[in-house]
Amino acid sequence: MLGVAKDPLEHTSMYERMEEDSEGSDGEGGMGNVSRVIIRPPGVSGKAKRGQICFDAAFETGNLGKANLIGDFEYDLFLRPDTCNPRYRFWFNFTVDNVKQDQKVIFNLVNISKSRNLFNSGLTPLVKSSSRPKWQRLPKKHVFYYRSPHHQNHYVLSFVFCFDKEDDVYQFALAPPYSYSRLQSYLNVIENRQNQAEKKFTKSVLTKSLQNRNVDLITIDHVTGKLKTNRIDRSFIRVIVILCRSHANASPASFMCQGFLEFLLSSHNIAKILRENFVFKIVPMVNPDGVFLGNNRCNLIGQDMNRVWQVATEFSHPEIYAIKNMLREIDNSDSYQIDFVVDLHAHTSLHGCFIYGNTYEDVYRYERHLVFPRLFAGNAPDYAANNMIFNADEKKSGCARRFCCERLSDTVNAYTLEISMGGHYLKDGKTVAAYTEEGYYRCGRNLARTFLQYYRFINVLPVPLPTEVRQKKRRPRTHQSRSRSKTRYEVKPRPKTTRCYAPISYTNLSICYDSGGSSDEGGFSPTRTVAPGSSHFSGYRNYRRVASSTTIPSTSSQQHQQTHDQFALLRIKSGRFDLAHDPLLHDYCGKTKSQSPEKQTRFEVPVNVPPKPYLSIIDLNQLTRGSLKMKSASFED
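Starting afresh in each chain, residues are numbered from 1 along the sequence in its written order. At least 70 in pLDDT is required for a residue's local features to be given in this predicted model, at least 80 for side-chain atom pairs to be given and counted, and no such filter applies to totals for whole chains, interfaces and linings, which use all residues. Calculated side-chain values reflect all of the structure's heavy atoms, with hydrogen atoms and water omitted.

**Topic: unusual backbone geometry**
One non-glycine residue, Arg36, lies in positive phi territory at about 55 degrees. What counts as a helix is a DSSP run of H or I of at least four residues, what counts as a strand is a run of E of at least two, and both are numbered from the N terminus. Topologically, Arg36 is positioned in the loop between helix 1 (14-17) and strand 1 (37-38). The cut-offs for exposure are 20% and 50% of the maximum accessible area for each residue type, with area from a 1.4 Å probe on protein chains only; residues under the lower value are buried, those over the upper are exposed, and the others partly exposed. Judged by relative accessible area, which is 5%, Arg36 ranks as buried. With phi around 65 degrees, Cys84 is a residue other than glycine that occupies positive phi space. By the element assignment, Cys84 lies in the loop between strand 4 (74-78) and strand 5 (93-97).

Here it is as structure tokens:
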């Protein structure tokens, strides 16, 4: 995976400073972080000896405010709070060197402000060294999280570690850091890698932060199938906005955003379809100052960037102010329409990945709002449906998803996509698998795949025919194993049979939209036609089928078309297909026979019903109710 252009701590030159005399390096700096502080036993002075540990956090994304020696091999560590905001103390990232061979120590993080977190559920700190640059989780048996009466009854995180190499520099962190320098290096690499004749994306600076750092904007715009005409002409271009890293400690969200971006820029068929039909606006780091300083949530002035959307100003929150102007400009355009605003975050208290959404007074808009999370849950095996929340809490009025759903058009779906800092549950529901960088990348790729399924589901993108589906790759004949038997038997070809393919099929997701009102496509999406040769029993191979050779009673062509519609309201009564009045019935021998009123056949509808070839309100209501059983009176209306 691309993106590791340089070590995020390389600019601190800590490896070179190890060889210098550490006695004159005492002191603190770097916005309150410890800077080459050597902890000596009481009454000991002079040049530091091996085993007198040196702590350092005066580097990008670093956080460690103070270190005290309370025993022969035990240290109390104090986290530095966010700049201008002492409320948040949870993120930590520091290095240790000048250790002795096989030295065992106990580190106590004594001032964690958030008592409810994943340390109660098995989360452990990460560690890596200069000779082993891959992050690894500490064993659970060496990590303890408890309430300590010796520290004012606060929660303390204690972990035991043994240093096995004297010349190594060891780094401990809450999650894999993703620094501002790493993002800039990654963007420069992919920008230089792309073909200048055919650029897949453009990078621009949306605005500058308070400390004059770039707030980058990645734009992917290769829409060629539609002209930029007036929205009244029903030919607008759909825009997807991705925001990331509003909170400084949400480094897993940056890995997820990188996986999403790399997938879109790849040569994958899904990526090509998405680039040719939609415009993507990606802001990979909304809070660059907080990330650089090693804060937990806030920016330079101590403001939570995901709580100030309604009061953001150009002087105190230039990043949010610029993003709001960009969203309003696109939303008021006659050529573009914002479909999604997805804000990527990392969660410190729950496992898995999940989505936070909004609630609306308009029931149709609310049920339409549930479609994307359901599709994403089908693509992500680590999705935690129990953690999904849809609310309109006043405390969250300043977050991105609440602002976008209240201030932008009704067509906008605003979500907060959360991914855990710890891990996700396996299929057994008990075992927790820890996330790695590759796991975060995979979640970003699943997000891109879900966008394709969503637009195919609402008929914005055509569903490929069965002949266009990529066939399974087979090994060449030169690699085929030889038959063990000397006798070769002639394999008779399988007789050709007719098959009817359903246009699209989703498991337990028969949801559609209204053709008017405040629907996602404004009622302008085309209607999907039924596949040639398919009948109203397409998809139910165990049931009797309708033969095209039978005699049809004298009815109008319109009534005949409604009869062959498997989702017609006249054919759905109390969750069953009523075939009592169907003049065309088949037995298993292919012969036509009519049934008497005493012998009426009814077939139960399976739970998994293929979706409707076109959109309607009735199927949309079935999403939240989870059943096809509806009162017959509703159909009579």
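**Observations regarding the sheet that holds strand 15 (residues 279-283)**
At least two DSSP bridges between two strands are needed for those strands to be called paired. If you trace the eight strands from one edge of the open sheet to the other, you get 12-13-15-14-16-19-17-18, paired in mixed fashion. Two strands bound the open sheet, and with one partner strand each, they are strand 12 (202-208) and strand 18 (389-391). Averaged over all neighbouring strand pairs, the angle between strand axes comes to 20 degrees, with direction disregarded. Sheet topology note: the strand 13 (residues 214-221)/strand 15 ladder contains four bridges and is antiparallel. Orientation is described by axes fitted as lines to C-alpha atoms, over the contacting stretch for helices, and by angles from 0 to 180 degrees between their N-to-C directions.

**Some remarks on the layout of surface pockets**
Only protein atoms enter the 1 Å grid used here. Points where a 1.4 Å probe fits but cannot escape make up a cavity, open sets with protein on both sides within 12 Å along at least five of seven lines make up a pocket, and a residue lines them when an atom lies within 4 Å of a point. Grid points are joined across faces, edges and corners, and a volume is the space filled by probe spheres set on the points. Considered as a void within the structure, the second largest pocket measures approximately 830 Å³ in volume. Lining the second largest pocket are 30 residues; nearest its centre among them are Lys114, Arg297, Arg307, His347 and Lys396. Going through the elements one at a time, strand 16 (336-347), strand 18 and strand 19 (413-420) are the ones with two or more residues in the lining of the second largest pocket. For the lining of the second largest pocket, the element with the most residues is strand 16, which contributes three residues. Across the lining of the second largest pocket, the residue classes tally to eight nonpolar, eleven polar and eleven charged. Each residue is assigned to one class: nonpolar for Ala, Val, Leu, Ile, Met, Phe, Trp, Tyr, Cys and Pro, charged for Asp, Glu, Lys and Arg, and polar for all the others, Gly among them.

**Focus: the nonpolar core**
What we call a nonpolar core is a set of buried Ala, Val, Leu, Ile, Met, Phe, Trp, Tyr and Cys residues that are connected through their side-chain atoms within 4.5 Å. Of all hydrophobic cores here, the largest spans 95 residues; its most connected members are Phe55, Phe107, Phe163, Phe172, Leu344 and Phe451. Per-element tally for this core: the top contributor is helix 10 (residues 437-457), with ten residues. In contact with Phe172, other than residues within four places in its own chain, are Phe92, Asn93, Phe94, Val96, Phe107, Leu126, Val127, Phe159, Phe161 and Phe163. Ranked by size, the runner-up nonpolar core spans 27 residues in total, among them Leu217, Ile237, Val283 and Val341. The contact criterion used is simple: two residues touch if any of their non-hydrogen atoms lie within 4.5 Å.

**Topic: the sheet that holds strand 4**
Ordered by their spatial adjacency, five strands build an open sheet running 3-4-6-10-9, and the pairing between neighbours is mixed. Strands at the two margins of the open sheet, each flanked by one partner only, are strand 3 (66-69) and strand 9 (143-148). With direction set aside, neighbouring strand axes in the sheet form an average angle of 25 degrees. Inspection of the sheet shows strand 3 paired to strand 4 by four bridges, in the antiparallel sense. Across the sheet, the residue bridging to Asn68 is Asp76, located in strand 4.

**Digging into the pairing of strand 7 (residues 126-129)**
Alternating positions in strand 7 separate into two faces, Leu126 and Lys128 on one and Val127 and Ser129 on the other, with burial throughout. The loop that links strand 7 with its antiparallel partner strand 8 (residues 136-137) comprises six residues.

**Focus: the side chain of His247**
Counting through the fold element by element, His247 comes out in the loop between strand 14 (237-244) and helix 3 (251-264). Leaving out residues up to four positions away in the same chain, His247 has contacts with Asn296, Arg297, Asp304, Asn306 and His345.

**A few points about empty space enclosed by the protein**
Under the criterion given, the structure shown has six cavities of 30 Å³ or more. Its volume calculated, the second largest cavity comes out at about 60 Å³. Along the walls of the second largest cavity sit Tyr178, Leu183, Tyr186, Cys244, Ser254, Cys257, Gln258, Leu261 and Pro284, which together make up its complete lining. Put simply, the parts of the chain that give the lining of the second largest cavity at least two residues each are helix 2 (180-193) and helix 3. Of all the elements, helix 3 adds the most residues to the lining of the second largest cavity, at four residues. Grouping the amino acids of the lining of the second largest cavity by side-chain chemistry returns seven nonpolar, two polar and no charged.

**A look at the packing of helix 3 against helix 10**
One can describe the packing of helix 3 onto helix 10 by two numbers: an axis separation of 7 Å at closest approach and a directional angle of 50 degrees. Taken as axis vectors, helix 3 and helix 10 run oblique relative to one another. Helix 10 is crossed by helix 3, and the crossing has right-handed handedness. Residues Pro252, Phe255, Met256, Gln258, Gly259, Phe260 and Phe263 of helix 3 form the contact with helix 10, whose own contacting residues are Glu437, Tyr440, Tyr441, Cys443, Gly444, Arg445, Leu447, Ala448, Arg449 and Phe451. Here the contact of helix 3 with helix 10 is composed, by residue class, of eleven nonpolar, three polar and three charged. Every angle not falling under 35 degrees, over 145, or within 65 to 115 is termed oblique; those three ranges are roughly parallel, roughly antiparallel and roughly perpendicular. Crossing chirality is assigned from the near helix's rotation relative to the far helix, an anticlockwise turn below a right angle marking it left-handed and a clockwise turn marking it right-handed.

Geometric descriptors of this kind do not, in isolation, establish any biological role.
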